[in-house]
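# Inside the fold
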Protein chains: 2
Amino acid sequence: MLKASLLSIGDEILIGQIVNTNSVFIAKELTNLGYSIHRISTIGDSRQEIIDELDSLFKVSDLIICTGGLGPTHDDITKDVICEYFDDVLVHHQQWEDKIRDQFKVRGLPLSDRNKGQALLPSKSKLLFNRIGTAPGMLIEKDNKFLISLPGVPNEAQCIIKESAMDFLKGLIDKTDSDCIIYKNILTNGIPESSLADKLDISEAILGKSSLAFLPSYQGVKLRIGAYGINKSKAEQELSRLYDYIFNRCSENIISEDEISLMEVLAELLINNKVSISTAESCTGGLLSSMLTSVPGSSKYMMGSIVSYSNDVKENLLKVKKETLINFGAVSKETAIEMAENCRKIFNTDYSISITGIAGPDGGTNQKPVGTVWIGLSTKTGTGAFLSNLGNNDRTMNRERAVTSALALLIREIKKPLL
Amino acid sequence: MLKASLLSIGDEILIGQIVNTNSVFIAKELTNLGYSIHRISTIGDSRQEIIDELDSLFKVSDLIICTGGLGPTHDDITKDVICEYFDDVLVHHQQWEDKIRDQFKVRGLPLSDRNKGQALLPSKSKLLFNRIGTAPGMLIEKDNKFLISLPGVPNEAQCIIKESAMDFLKGLIDKTDSDCIIYKNILTNGIPESSLADKLDISEAILGKSSLAFLPSYQGVKLRIGAYGINKSKAEQELSRLYDYIFNRCSENIISEDEISLMEVLAELLINNKVSISTAESCTGGLLSSMLTSVPGSSKYMMGSIVSYSNDVKENLLKVKKETLINFGAVSKETAIEMAENCRKIFNTDYSISITGIAGPDGGTNQKPVGTVWIGLSTKTGTGAFLSNLGNNDRTMNRERAVTSALALLIREIKKPLL
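Quantities reported herein were computed from a predicted structural model and do not represent experimental measurements. (Residues numbered from 1 in each chain as written. Chains lettered and ligands numbered in written order. Predicted model: local features only at pLDDT ≥ 70, side-chain atom pairs only at ≥ 80, totals over all residues. Heavy atoms only, no water.)

## Comments concerning the overall build of chain A
For chain A, the helix and strand inventory stands at 16 helices and 17 strands. Along the three orthogonal principal directions, the C-alpha set of chain A runs to about 85 × 60 × 40 Å. Looking at chain A residue by residue over its 419 residues, the buried ones come to 58%. In chain A, the share of contacts with a sequence separation of at least 24, taken over all contacts with a separation of at least 6, comes to 66%. (Helix = DSSP H or I, 4+ residues; strand = E, 2+ residues; numbered from the N terminus. Buried < 20%, exposed > 50% of the residue type's maximum accessible area, 1.4 Å probe, protein only. Contact = heavy atoms within 4.5 Å.)

## Observations concerning the pairing of strand β13 (residues 277–281) of chain B
Residue and element names in this part refer to chain B. Most of β13 is tucked away: five of the five residues are buried. As paired elements, β13 and strand β14 (residues 302–308) share five bridges and run parallel to each other. Its bridge partner being in β14, Ala280 is matched across the sheet by Ile306. Chirality of the crossover, the property in question, places the unit of β13, helix α12 (residues 287–292) and β14 among those that are right-handed. Strand direction decides the pairing type here: β13 and strand β15 (residues 351–357), joined by five bridges, are parallel. Considered in β15, the bridge of Thr279 is made with Ile353. (Pairing = 2+ DSSP bridges. Right-handed = clockwise from strand over helix to strand, strands pointing away.)

## Details of the layout of surface pockets
Approximately 760 Å³ is the volume found for the second largest pocket. If you trace the second largest pocket, you find 29 residues lining it, with Ile181, Tyr183 and Ser211 of chain A together with Asp11 and Asp45 of chain B closest to the centre. Contributing elements (two or more residues each) for the lining of the second largest pocket: β2 (36–43), β9 (180–188), β10 (211–217) and β11 (220–229) of chain A together with α1 (11–14) of chain B. Split into classes, the residues belonging to the lining of the second largest pocket amount to twelve nonpolar, ten polar and seven charged. (1 Å grid on protein atoms, 1.4 Å probe; cavity = no way out; pocket = protein on both sides within 12 Å on 5 of 7 lines; lining within 4 Å. Points joined across faces, edges and corners; volume = space filled by probe spheres on them. Nonpolar A, V, L, I, M, F, W, Y, C, P; charged D, E, K, R; others polar.)

## Some details on the sheet that holds strand β15 (residues 351–357) of chain A
The strand order β17(A)-β16(A)-β15(A)-β13(A)-β14(A)-β14(B)-β13(B)-β15(B)-β16(B)-β17(B) describes an open sheet built from ten strands, whose pairing is mixed. The open sheet is flanked by β17 (382–389) of chain A together with β17 (382–389) of chain B, the only strands paired with a single partner. Averaged over all adjacent pairs, the angle separating strand axes in this sheet is 15°, with direction ignored. In terms of strand pairing, β15 of chain B meets strand β16 (residues 372–379) of chain B through six bridges, oriented antiparallel. Residue pairing across strands places Thr356 of chain B opposite Trp374 of chain B, the latter belonging to β16 of chain B. Contacts from helix α16 (residues 395–415) of chain A reach β13 (277–281), β15, β16 (372–379) and β17 of chain A, with the element oriented near 30° to β16 of chain A. (Axes fitted to C-alpha atoms, helices over the stretch in contact; angles between N-to-C directions.)

## Re empty space enclosed by the protein
Taken as a whole and assessed by the stated rule, the structure comprises two cavities of 30 Å³ or more. In this structure, the largest cavity occupies an estimated 180 Å³ of space. Considering the residues around the largest cavity, the lining is formed by 16 residues, among which Asn20 and Thr42 of chain A together with Asn20, Ser23 and Ile40 of chain B are closest to the centre. Broken down by secondary-structure element, the contributors of at least two residues to the lining of the largest cavity are α2 (21–33) and β2 of chain A together with α2 (21–33) and β2 (36–43) of chain B. Of the residues contributing to the lining of the largest cavity, the split by class is ten nonpolar, six polar and no charged. Empty space within the second largest cavity amounts to approximately 50 Å³. The wall of the second largest cavity is formed by Leu2, Gly34, Ile173, Thr176, Asp177, Ser178, Asp179, Cys180 and Lys232 of chain B.

## Description of the state of the cysteines
Residue and element names in this part refer to chain B. Under the definition given, this model contains zero disulfides over all chains. The closest cysteine sulfur to the non-disulfide-bonded Cys83 is located on Cys66, 13 Å from its own sulfur. For Cys83, a relative accessible area of 7% gives the class buried. For Cys159, which is in no disulfide, the shortest distance to another cysteine sulfur is to Cys66 and amounts to 18 Å. When its relative accessible area of 5% is taken as the criterion, Cys159 is described as buried. (Disulfide = S-S within 2.5 Å.)

## Looking at the interface of chain A and chain B
Contact with chain A, which involves 72 residues of that partner, is made by 67 residues of chain B. Interface area for chain A against chain B, summed over the two sides, is near 5,500 Å², with a carbon-plus-sulfur share of 55%. Put simply, Arg39 of chain A and Glu53 of chain B hold a salt bridge, and the shortest N to O gap is 3.1 Å. Between the two partners, chain A and chain B, sit 30 residue pairs in polar contact (both at pLDDT 80 or more). Taken together, the residues of the side of chain A that touches chain B break down into 35 nonpolar, 24 polar and 13 charged. The pairing of strand β14 (residues 302–308) of chain A with β14 of chain B spans five bridges and is antiparallel. Opposite Gly304 of chain A, over in β14 of chain B, you have Ser308 of chain B as the bridge partner. (Buried area = accessible area lost by both parts, 1.4 Å probe. Salt bridge = Lys/Arg side-chain N within 4 Å of Asp/Glu carboxyl O. Polar contact = N/O pair within 3.5 Å; in protein donor to acceptor, adjacent residues only side chain to side chain.)

## Observations regarding the environment of Ile100 of chain B
Residue and element names in this part refer to chain B. Assignment of secondary structure puts Ile100 in helix α5 (residues 94–106). For Ile100, a relative accessible area of 0% corresponds to the buried category. Spatially, the C-alpha atoms of Ile100 and Met302 are 35 Å apart, while their sequence positions differ by 202 residues.

## Examining the pairing of β2 of chain A
In terms of residue burial, β2 of chain A counts as a mostly covered element, since seven of its eight residues are buried. Note: strand β1 (residues 3–9) of chain A against β2 of chain A, seven bridges, orientation parallel. Its bridge partner being in β2 of chain A, Ser8 of chain A is matched across the sheet by Thr42 of chain A. Alignment of β2 of chain A against β2 of chain B, held across five bridges, turns out to be antiparallel. Residue pairing across strands places Ser41 of chain A opposite Ser41 of chain B, the latter belonging to β2 of chain B.

## Structural notes on α16 of chain A
Residue and element names in this part refer to chain A. Over its 21 residues, α16 runs 30 Å from end to end, which matches the ideal 30 Å to within 8%, given 1.5 Å per residue. For α16, the tally of buried residues reaches 15 of 21 residues, placing the bulk of the element in the interior. At the N-terminal end of α16, a side-chain oxygen is found 3.3 Å from the backbone nitrogen of Thr396, two or three residues along, and the residue is Asp394. (Expected span 1.5 Å × (residues − 1).)

## Some words on helix α3 (residues 47–60) of chain A
Taking 1.5 Å of rise per residue, 14 residues should cover 20 Å, and α3 of chain A covers 21 Å from first to last C-alpha, within 8% of that figure. Along α3 of chain A, the residues that are buried comprise Ile50, Ile51, Glu53, Leu54, Leu57 and Phe58 of chain A. Elements that come into contact with the buried residues of α3 of chain A comprise β1, β2, β3 (63–67), α4 (78–85) and β8 (145–150) of chain A together with β2 of chain B.

## A word on the sheet that holds β9 of chain A
Residue and element names in this part refer to chain A. Spatial ordering of the open sheet is given by β10-β11-β9-β12, a layout of four strands whose pairing is antiparallel. Looking at strand neighbours, the two that pair on one side only are β10 and β12 (254–257), the edges of this open sheet. Going across the sheet, the axis of each strand differs from the next one's by a mean of 25°, ignoring polarity. Where β10 meets β11, seven bridges bridge the pair, whose relative direction is antiparallel. Bridging from a neighbouring strand, Phe214 pairs with Leu223 of β11. Running at roughly 155° to β10, helix α8 (residues 193–200) makes contact with β9, β10 and β11 of the sheet.

## Some remarks on the pattern of salt bridges
Tallying each qualifying case throughout the model produces 27 salt bridges over all chains. Notably, a salt bridge pairs Arg241 of chain A with Glu238 of chain A, separated by 3.0 Å at the nearest N-O pair. One end of the pair is Arg241 of chain A and the other is Glu238 of chain A, both in helix α10 (residues 232–250) and three residues apart, which spans about a single turn. Residue Glu238 of chain A is classed as buried on the basis of its relative accessible area, which comes to 15%. The partner of Glu163 of chain B in a salt bridge is Arg131 of chain B, and the shortest N-O contact between them spans 2.7 Å. Within this pair, whereas Glu163 of chain B is found in helix α7 (residues 154–176), its partner Arg131 of chain B is found in the loop between β6 (126–128) and β7 (137–142), the two being separated by 32 residues in sequence. The exposure class of Glu163 of chain B is partly exposed, given its relative accessible area of 44%. Look at Arg131 of chain B and you get partly exposed, because its relative accessible area is 27%.

Here is the structure:
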């Protein structure tokens, strides 16, 4: 298997000021090509640490992709360190100087000496064209191992990977003709991780050299199959075998595949079925509505929402009966049903969802602890409400889980009507 | 300086499936406490690699914070590896089993053997309480160096750091008495970066070994003071000197400090002033309302919201005049003003905010490109609307920026009424 490692150089990542988006992007691209990512490291702008880390990563990797430290200022030392590491010297690339001179001319700026320095590259390296910036990438080889060095600016790193490094990266995999792992994601819903694990009853005998990871999230437990094969076509056979194994044991819990979110699954269902929706929200305060409108094209199905945070609004705008609120309370099956049903009528939609609950951290009682949430669902054929005990004290989490439950409920209802 | 390193364990980061948000959060917290972050590493769920990386990181770090691999399934091996590394055995914590049994009971689920396993911890470790999940964190020491192991789920890792590990982390810095840099963030609003720089007139003579960074963001320009001292208390003195210097020159632009969000600032203002608010949203689809209700105690000020995603709803529920929609369009100053004013009347609140705009990626025109957003603000003394050109093509970013602008607008209005 071809092993790759990623190295990010820069203090702003170490102090937590910026998210390392380069690593995510590059790791995903390399994984899709069939590389096995061995390690992702972030270190500071220090000569010795870069040298040590290159040494350490090359021991376990065929390819290192390094980002950062190629700018024009004094703390950008990557090129000098590469020269030291590969026993090389910087040489001048006139074409690159002309290219950045033109870029500067367009912006009405003179080319400074600092920027001219960006046309200097290690003599043994191949320049990787950077269409959108002034620092080119570079590719350098030693003992049949490779280093690609890219600027740290995410747009530029991504641009060079996609436009200038891709042929090399693909070619290296192809000519190596080695074993590989290919991945597939499956999102399940309505079953806790431990019960799902019991249901699947995965053993080493079933997995062989392949893997199955359980990744809990608000959307449900995600399963990631990593199917191993001695070549790509064997890996695909293995993937299909493992997928069938899982599907046979928990098809009723599978809600989406291949990184498609619950919201995307629902949006597609709503659009394909040409149906409309509205929401009436209390404890989630508009989060469900905000989620429903987060997808481009949501105006095809989403009409609107009433956030009835106070009881007055539940009564005056959503027309929940005063007696219902007095007799059963705002967090009750009866209120959830009236909210959903009246909402559907007010917005004249095919479906309406209501959420009323206790998000926390305060407001819980013995009968209705924090995390008690009623989700109402109204369709043209009926209205019902479903209790969720989200069972924890975290407001943000309770709100997100309530919304996720509502999305999952609506997906199930559209696929297989209960009401 | 006390050196810390972060270790993330999990194939899902290596293959680029998820962003390593734990590293960002923990790096920021540790940096704020005065730790110097030496390295951030991500490796796979492999016994030997975890052992090797612990070895390598401990050579250069006083503290390692490790995330991931504490779940109930077969690929969660961190605890076993810790036992091996620290020459320890797992022991059972009855109190923890009782805690997770209760958590499961609330949700109406049985406690499986897999979950019971989460009550096993290395005997030499101290349990770090996890209020919101089933896997506790742990703290273990060897030769005066420390390892903290946390679950990989970001909310849980953050919860344990903030609630259960903070005393230890602070104490370690305090008792070590080495030189350090401590940071403070100040968020300014309503002044461009260059004017702020002129106003502050920072020089090397003022900074000494400390630093001041200007970080423009869509909430405003953030200032980050990095105060250096030969020990924590000297660094604190230095921080206070630099803070006073800045405060004296731009107090009127300071809108929040120490990572307190705009929303928290606004919630405090609304509660202290005993005023109420409602919102009328189009392109943000409930995101503003959801933000306003994200803070505990928001029922003190938030009455409700109408999400008028379709024009029908703008007309029928928000009573925007048909002529206004026809003559000026849904995305216009006139519509924003009617939405805000009518919303305030419908909900009978002191303030009301409306947002109508083009979030993208589609729907832009030459006159009204994607990113055009009108924000209306209505108070008991007047109603106005303000144009934002968010100027980019990213739907999520445009929606978030529109909400941020609305929050900042309301904060300014409450502090110093314009309307």
